[in-house]
Structure formats: C-alpha cells, structure tokens
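Report on the structure
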Amino acid sequence: MERVSEIDGLRALAALSVFVHHVFGFPAIVRITGAGWIGVDLFFVISGYLITTILLEMRDDPHYFKNFYMRRTLRIFPPYYAFFLICISCAALAGSYHFSWRLWGALAFYGTSLVATLPWFPGAFARLPDPARAIEVTWSLSIEELFYLLWAPAVRFIKREHLGILLFAIILLAPAVRYYVHTPGNRTEYYFFPARMDSLAFGALFAVYRGRFRMPAKLGYLFGIGMVSSSLMLLFVADPQRNPWFSVCGYTVIAFTMTLALAYVLDRSGGNTFVCRILRSRALLKLGTVSYMFYLLHLFVIKVFRTVFADILVSHWALNRILQVTGSFAVTYILAALSWRYFESPILRLKSKFVSGTANRIQPLPVTDQQRESLETV
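Let me begin by describing the structure that accompanies this report. As the structure is a prediction and not an experimental result, all values here were calculated from the model. Note on numbering: residues in each chain are counted from 1, in written sequence order. With the structure being a predicted model, the display of local features is reserved for residues of pLDDT at least 70 and the display and counting of side-chain atom pairs for 80 or more, all residues being used for whole-chain, interface and lining totals. Derived side-chain values reflect all non-hydrogen atoms in the structure, with water molecules and hydrogen atoms excluded from consideration.

**Quick notes on the packing of helix 3 (residues 38–57) against helix 11 (residues 197–209)**
Running from N to C, helix 3 and helix 11 cross one another at 40 degrees; their axes reach a closest spacing of 7 Å. On the basis of the axis angle, helix 3 is oblique to helix 11. As helix 3 packs across helix 11, the resulting crossing turns out to be right-handed. Taken together, the residues of helix 11 that come into contact with helix 3 (itself represented by Asp 41, Phe 44, Val 45, Ser 47, Gly 48, Tyr 49, Thr 52, Thr 53 and Leu 56) are Ser 199, Leu 200, Gly 203, Ala 204, Phe 206, Ala 207 and Val 208. When residues are sorted by character, Ala, Val, Leu, Ile, Met, Phe, Trp, Tyr, Cys and Pro go into the nonpolar class, Asp, Glu, Lys and Arg into the charged class, and all the rest, Gly among them, into the polar class. Tallied by class, the residues present in the contact of helix 3 with helix 11 amount to 9 nonpolar, 6 polar and 1 charged. Fitted lines through C-alpha atoms serve as axes, helices being fitted only where they are in contact, and the angles separating the N-to-C directions of these axes extend from 0 to 180 degrees. Helix and strand definitions follow DSSP, with helices as H or I runs of at least four residues and strands as E runs of at least two, each counted in order from the N terminus. For this classification, under 35 degrees means roughly parallel, over 145 means roughly antiparallel, 65 to 115 means roughly perpendicular, and everything else is oblique. Two helices that cross are described as forming a left-handed crossing if the nearer one is turned anticlockwise from the farther one by less than a right angle, and a right-handed crossing if clockwise. Any two residues having at least one pair of non-hydrogen atoms within 4.5 Å are treated as being in contact.

**Concerning the nonpolar core**
Across soluble globular proteins, nonpolar side chains show a tendency to be buried alongside one another. We define a nonpolar core as any set of buried Ala, Val, Leu, Ile, Met, Phe, Trp, Tyr and Cys residues linked to one another through side-chain atoms lying within 4.5 Å. Here the term buried applies to any residue with accessible area under 20% of the maximum for its type, exposed to any over 50%, and partly exposed to those in between, with areas from a 1.4 Å probe on protein chains only. Formed by 112 residues in total, the largest nonpolar core has its most connected members in Phe 83, Trp 104, Ile 135 and Trp 151. Ignoring sequence-local partners within four residues, the contact set of Trp 104 consists of Phe 84, Cys 87, Ile 88, Ala 91, Tyr 97, Phe 99, Leu 128 and Ile 135.

**Examining unusual backbone geometry**
The amide bond that connects Asp 130 to the next residue, Pro 131, takes the cis arrangement and shows omega of 0 degrees. Tracing the sequence through the fold places Pro 131 in the loop between helix 7 (120–126) and helix 8 (139–157). One non-glycine residue, Tyr 110, lies in the positive phi region at around 55 degrees. Tracing the backbone shows Tyr 110 in the loop between helix 5 (101–108) and helix 6 (112–115). Looking at Tyr 110, the relative accessible area reads 6%, which means it is buried.

**Re the state of the cysteines**
Put simply, a disulfide is two cysteine sulfurs that come within 2.5 Å. Considering all chains together, one arrives at 0 disulfides under this definition. Distance from the sulfur of Cys 87, which forms no disulfide, to the nearest cysteine sulfur (Cys 90) is 6.5 Å.

**As for the pattern of salt bridges**
Side-chain pairing between opposite charges can occur once the charged atoms of the two side chains come close. Should a side-chain nitrogen of Lys or Arg be within 4 Å of a carboxyl oxygen of Asp or Glu, the pair is scored as a salt bridge. Considering all chains together, one arrives at 8 salt bridges under this definition. Linking Arg 268 and Asp 267 is a salt bridge whose minimum nitrogen-to-oxygen distance equals 2.9 Å. Judged by its relative accessible area of 22%, Arg 268 is partly exposed.

**Here's the deal with the packing of aromatic side chains**
Put simply, two rings from Phe, Tyr or Trp (the six-membered ring, in Trp's case) pair if the centres are within 6.5 Å, and we call them stacked under 30 degrees between planes, edge-to-face over 60, tilted for the rest. This structure, assessed with the given rule, holds 36 aromatic pairs. Ring centres 5.4 Å apart and planes at 35 degrees place the aromatic pair Tyr 49 and Phe 206 in the tilted group. Linking Tyr 49 in helix 3 with Phe 206 in helix 11, this pair joins segments that are 157 residues apart in sequence. Ring centres of Tyr 81 and Phe 84 lie 6.3 Å apart, and the angle between their planes is 75 degrees; this geometry places the pair in the edge-to-face category. Pair noted here: Tyr 81 and Phe 84 are both in helix 4 (residues 64–93), with a separation of 3 residues, about one helical turn. According to the relative accessible area criterion, Tyr 81 is partly exposed, its value standing at 26%.

The structure is reproduced here in structure tokens:
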C-alpha cells in the first residue's frame, strides 16, 4: 500500500473540522461551525478504507492476527490511555464528583459505543466535571476499536466478493438501527456502534472494489453534487443530530459524501489539482501527522482555556474569544507535536517487529524525515 500524502491532508481537515465544532459557539455562525462534527465521519471513512486495504494485502500472512492487532495496539493504546489517565486524574481531583465506576470501566475498555443506549449512560456523562468531560471524544475510538476487532476476522475468512455483500448489508442495516434507537431530544444513535457502522462500511467497500472498476469520468461532478447536497441538508435541518429524518438517513448521506471525497482525492493524488495541492501543503501534512493526539486533546484544552479566560478580559468579548480560539489551537497542536516526537514515535518503532511479508514490500513515496515518521500513523 503506497503512502498517499493527500490522506494526511484529509486527516488534518477532519481534525480541524471537529476542533471548529467544539470551539465556536457564536450564535451568528453556529449553524455552520456546528456541522463540524462531520469530521468524525471523514475519519471513519478513511479508517474503513485504510484498514481494509491493509487487511486485504496481508490476509495470507501466517501471522495475520498477531501482526495486525499488535500494530493497532501500539498505535492506538498508548495515546488513548495517556489521555484516559489525564481525564480520570482531573475527575479525581474534583472534590464534588462521585465516581461512576460503570462509566470509567466502559471508557477503560473502549465500551462507550456499546453502553450508549443504557439508561444510566447520559446521566453519568452529564455529571463529569470539566475538563474531565472532554473524554467524551473517545466514543469514536470505541467504535473504531470494535471495528478492528470484528473486521479483521471477516477479511481473513470471508471471500472478497462476499465481503462486498456483507458491507452492503451493513450500510442498509445501520439506518434501521438508528430508526429503532432514536428518541426525540436524544443523540443515542450518534454514539451507538451498530448505528454508525455505515461510515466505516463505506470506506471498507471502497477499498474492496477500488481497482476492480474504473473511476467515473465525472467523479469531480459527483463529488461536487454530494458536497452541495450534504451542505444544504446540514444548513436547512435545524438540529441535524436530533432530527428524526436525519437520524435515519442523514448520516448515510454524509458518509457517502465523505467516500466520494476520498475517491476524488485518491483518483487525483500526486496531481496538480487545486484540492490536492492544498491537501499536500506543509501545514496540513504536519497537522495530519499528529491528528490522533490532536483529536484526543483538543476538547480538554478548549475547556481549560474557557475556565482560565472566564474572568479575563470580560469587557473585551471579541479579544477574549480570539485568545481562547487561537490559544487553544496552538496549545493543542504543540502538545500533540511533542507527544508525536517524544512519546508516540518511539513506541511506534516497535511496529517493525510485527510486519508481514506483504508489508515489507510496500514502498512509500519520497518524503521528508517528519513525513517518513508519519508512515506509522496508519
């Protein structure tokens, strides 16, 4: 699997989108910034595509499960549990907080996307003190971990053509699950693993069939139509994450649009189109490299800045908000970059012990030293 720099650019845009969703709450622009949550769906589609591509390439490896799960463990666990320790420590230091051991147990074992439908879950999360409540962002990691756990055996033992049928079934099943679990004023379907499988399945489906069919000649137009349709839907639906119609069909439309975006970028990767040049820009590649820890830390840092600035420059509202936004972004990026350099990268070097014969044949594109290190982000 050849490294595609534009995918790092897409990761950066996804991380920026989620950051914007959490940091901007101004009434005048919230209908636009509030849609930033779709960055998570872009992450899901990219993960579905990349992980399925990797699994298909190594499916004949005699150490298939060991190599895959150890590499995933080295990539995902250390940053996750470092962030977990930060949040649980903050909760422990909040004198008025009474621990919900069920909640923290679910968080410790990536189970939040499975317990999201249980009656105690919303209240337990609502009682978390700031900034420990920032751990809510890990619901998406729960979904991805469950995907890794279940999808690796499927790719290993199911024929490729049957994988496509299974993925189509998942894409059809997820909206039905959302219809079943949705209740007015509740976002259960947003966090629930079976209800969000279609985003990962779209990316996986693209990986299964990519190369077997030629990209449509009008792929750019299809991508444009998808973006316009999704944008209009998000603009005119007053509360997308609670709207009954959107809860059933909207997420599927968003996932399909994100898949078109990925297909468009991969079809033109390495080219001179405006979109690809932007995605290969130095700033986006740097952010894409550290996007995992950036995603984990961003809400925590935002909440800390809001607490610190609660009594600072109160009479200068605009300056207060500008400092909060720029400061929280800068601090999040710096912490993520330091984590990448001194914490994640040394651990990721251990992944070389769990490389399949197929992976050994992968030749990345010429890249800088920092981008070469980022090859381990997959």
